[in-house]
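The chain contents come next:
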Amino acid sequence: MTNVRDDLAPTGVLRASINLGNPVLAKGTPDEPGGVTVDIARELARRLDVPLELVCFDAARKSFEAMTTGQADLCFLAIDPARAGEVAFTAPYVVIEGVFAVPADSALSTVDEVDRPGVRIGVKKGSAYDLYLARTLQHATVVQGEEGVDVFLAEGLEAGAGIRQPTTTFVAAHPETRLIEERFMQIQQAVGTTKSRLPETVAYLHALVEDLKASGFIATSLEAAGQGDAQVAPPA
């Protein structure tokens, strides 16, 4: 335990980067954040018996940058090959879905139909679905913005990408749009730290996540945050 504590929190304080831009994972303000990632960070700090500092951001790319530039010891990000070169991930603790919003009168009705020439898809810059779509689209193109659905609406794009829960809320508030119910990807949210950590540190984080899933901690935290429809990831 001492080795893990010293390795993961070398300053004596566990610094966890929190992405407030994903409401399934975190909510509130930098001064008063909440949600499942905050709960996991607090539980980890409790088990390690170290103080916790929450470093909050409004986008996953900023949380990733904090991790890779030494501003944070721990992060909560979607597993992606573009990040895995620098981040050692646990198995996922939550699985969420990426979906498309389109204009209400759009001819697009399936995920496959969205990937066609001339289709522009709004994405949140540096998000898991931005990285995924940029890597996998064959014909459509991505347009980056602060929020995928916002740039979709503002620029009159053919589609906007986002996480199911907030995108569903967006569509409900904008009757000129509709949701393509089929998901285009599953987003595996995991705990991460730098790849320079000791193997036992990474193993400790992996075991922590598995314990929190099995004990019901993750499910209870999601429910308390109003995200009970999010899927707890299966055991690794």
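This write-up is about the structure you can find in this document. (Residues numbered from 1 in each chain as written. Predicted model: local features only at pLDDT ≥ 70, side-chain atom pairs only at ≥ 80, totals over all residues. Heavy atoms only, no water.)

Comments concerning the pattern of salt bridges
A complete count under the given rule lists 14 salt bridges for this structure. Residue Arg-15 is joined to Asp-73 by a salt bridge in which the shortest nitrogen-to-oxygen separation is 2.8 Å. In this pair, Arg-15 is assigned in strand β1 (residues 14-19) and Asp-73 in the loop between α3 (60-68) and β5 (75-78), connecting sequence segments 58 residues apart. Its salt-bridge partner being Glu-97, residue Arg-164 comes within 2.6 Å of it at the nearest N-O pair. With Arg-164 in helix α8 (residues 164-173) and Glu-97 in strand β7 (residues 94-103), this residue pair connects regions lying 67 residues apart in the sequence. Judged by its relative accessible area of 19%, Arg-164 falls in the buried class. Sharing partners across several salt bridges, the network here consists of Glu-43, Arg-46, Arg-47 and Asp-211. (Salt bridge = Lys/Arg side-chain N within 4 Å of Asp/Glu carboxyl O. Helix = DSSP H or I, 4+ residues; strand = E, 2+ residues; numbered from the N terminus. Buried < 20%, exposed > 50% of the residue type's maximum accessible area, 1.4 Å probe, protein only.)

What about the state of the cysteines?
Throughout the structure, instances matching the rule amount to 0 disulfides. Counting only cysteine sulfurs, Cys-75 is the nearest neighbor of Cys-56, a cysteine outside any disulfide, at a range of 14 Å. By relative accessible area, which is 18% here, Cys-56 ends up buried. (Disulfide = S-S within 2.5 Å.)

Points about the environment of Arg-83
Turning to its location among the elements, Arg-83 is positioned in helix α4 (residues 81-84). Residues Arg-83 and Gln-188, spaced 105 residues apart in sequence, show a C-alpha to C-alpha distance of 13 Å. What Arg-83 contacts, discounting residues up to four positions off in sequence, is Ala-60, Phe-64, Leu-77, Ala-78, Phe-89, Gly-126, Ser-127, Ala-128 and Leu-131. Polar side-chain contacts of Arg-83 include one of 2.9 Å to the backbone oxygen of Gly-126. (Contact = heavy atoms within 4.5 Å. Polar contact = N/O pair within 3.5 Å; in protein donor to acceptor, adjacent residues only side chain to side chain.)

Focus: helix α10 (residues 217-224)
Within α10, the full set of buried residues consists of Ile-218, Ser-221 and Leu-222. Considered in projection along α10, the buried side chains sweep an arc of 100 degrees and stay on one side of the axis. Turned more than 90 degrees off the buried face of α10, the exposed positions are Thr-220, Glu-223 and Ala-224. Those residues of α10 that are buried lie in contact with α2 (36-48), β7, α9 (199-214) and β12 (231-232). Immediately beyond the C-terminal end of α10, within one or two residues, lies Gly-226, with a positive phi of roughly 80 degrees. (Arc of directions from axis to C-beta.)

Some details on the nonpolar core
Leu-44, Phe-76, Tyr-93, Phe-100 and Ile-121 are the most contacted members of the largest nonpolar core, which has 54 residues in total. At 7 residues, α2 tops the list of elements feeding residues into this core. Phe-76 has contacts with Ala-16, Ser-17, Ile-18, Thr-37, Ile-40, Ala-41, Tyr-93, Gln-189, Ala-190 and Val-191, leaving out every residue within four places of it along the chain. Membership of the second largest hydrophobic core comes to 10 residues, among which are Val-99, Ala-101, Val-149 and Phe-170. (Core = buried A, V, L, I, M, F, W, Y, C linked by side-chain atoms within 4.5 Å.)

By themselves, these are just geometric observations and shouldn't be taken as functional.
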